[in-house]
Amino acid sequence: ITAAMELKNRLVKNIGDKKTEQFINDEFIARLGEKASLFDIIELFKKTLTELSCTHFGRTTKSTMERVVQYIESNYSHELRLEQLANIFGYNSAYLGKVFHQYTGENFNNYLDRIRITEAKRLLSLDEYKVYEVAEMVGYTNINYFHNKFKKYVGISPLSYKRQSKGEAFNDTEE
């Protein structure tokens, strides 16, 4: 119950209006206390947050795509698949892929890769992390896959980029 109140306070702060209070109120807290399993609690949160999202952002395709993009940008470091997003946002995955491409101009995988690689470049330039750590931090579990994607989008390897950002001479054949 304390977690629900903390969630309410965070949502009110982040959304910047009082609509959240319509959804996470005493009635919600009472319903939360009645739930017998973690699954039931999660389903209640899912339903309530979906209603809140639709109320705040609307139910148009454009508003849904804005929420999808926001979700990707907030969760790029986790495993994300179009099928998961389709389930979360109540779409067929093929239709979501088509609408997503129309909205962003990119297919889902390219969009996700671009977000991840942009963050990887930032992290590599900080010189605080090893390449494999950056790969994991931005959502790539396979270092070779990360290396190939990074080189595809940036033109040089992650290690070369890291060295270049420190002002060192680099040789892309070193890795």
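Scroll up to find the structure this text is about.
Residues numbered from 1 in each chain as written. Predicted model: local features only at pLDDT ≥ 70, side-chain atom pairs only at ≥ 80, totals over all residues. Heavy atoms only, no water.

Chemist: Quick question: what am I supposed to make of unusual backbone geometry here?
Modeler: Negative phi is the rule for most residues except glycine; trans is the rule for most peptide bonds. Its identity as a non-glycine residue notwithstanding, Asp127 has a phi of 65 degrees, on the positive side. Residue placement: Asp127 occurs in the loop between helix H8 (108-126) and helix H9 (131-137). (Helix = DSSP H or I, 4+ residues; strand = E, 2+ residues; numbered from the N terminus.)

Chemist: Is there a simple way to explain the pattern of salt bridges in this structure?
Modeler: Side chains carrying opposite charge are able to pair once their charged atoms draw close together. This structure, assessed with the given rule, holds 8 salt bridges. Notably, a salt bridge pairs Asp113 with Lys149, separated by 3.0 Å at the nearest N-O pair. Residue Asp113 is found in helix H8, and its partner Lys149 is found in helix H10 (residues 143-154); the two are separated by 36 residues along the sequence. Judged by relative accessible area, Lys149 falls into the buried class, the value being 15%. A salt bridge links Glu119 to Arg122; its shortest N-O distance comes to 2.6 Å. A residue pair is termed a helical-turn pair when its members lie 3 or 4 positions apart in one helix, as Glu119 and Arg122 do in helix H8 at 3 residues. Under the relative-accessibility criterion, Arg122 is labelled partly exposed at 43%. Linked by salt bridges that have partners in common, Glu79, Arg81 and Glu83 make up one network. (Salt bridge = Lys/Arg side-chain N within 4 Å of Asp/Glu carboxyl O. Buried < 20%, exposed > 50% of the residue type's maximum accessible area, 1.4 Å probe, protein only.)

Chemist: Any chance you could explain the nonpolar core here in plain terms?
Modeler: In globular proteins that are soluble, nonpolar side chains generally tend to be buried together. Grouped together as the largest cluster of nonpolar side chains are 31 residues, with contacts concentrated most on Val68, Ile72, Leu96, Phe100, Phe108 and Phe146. Only helix H5 (61-75), helix H6 (82-89), helix H7 (93-104), H8, H9 and H10 provide two or more residues apiece to this core. Of the residues forming this core, the biggest block, 8 residues, is contributed by H8. What Phe100 contacts, discounting residues up to four positions off in sequence, is Met65, Val68, Val69, Ile72, Gly105, Glu106, Asn107, Phe108 and Tyr111. Counting 5 residues, the second-largest nonpolar core is a separate cluster that includes Phe28, Leu32, Leu44 and Phe45. (Core = buried A, V, L, I, M, F, W, Y, C linked by side-chain atoms within 4.5 Å. Contact = heavy atoms within 4.5 Å.)

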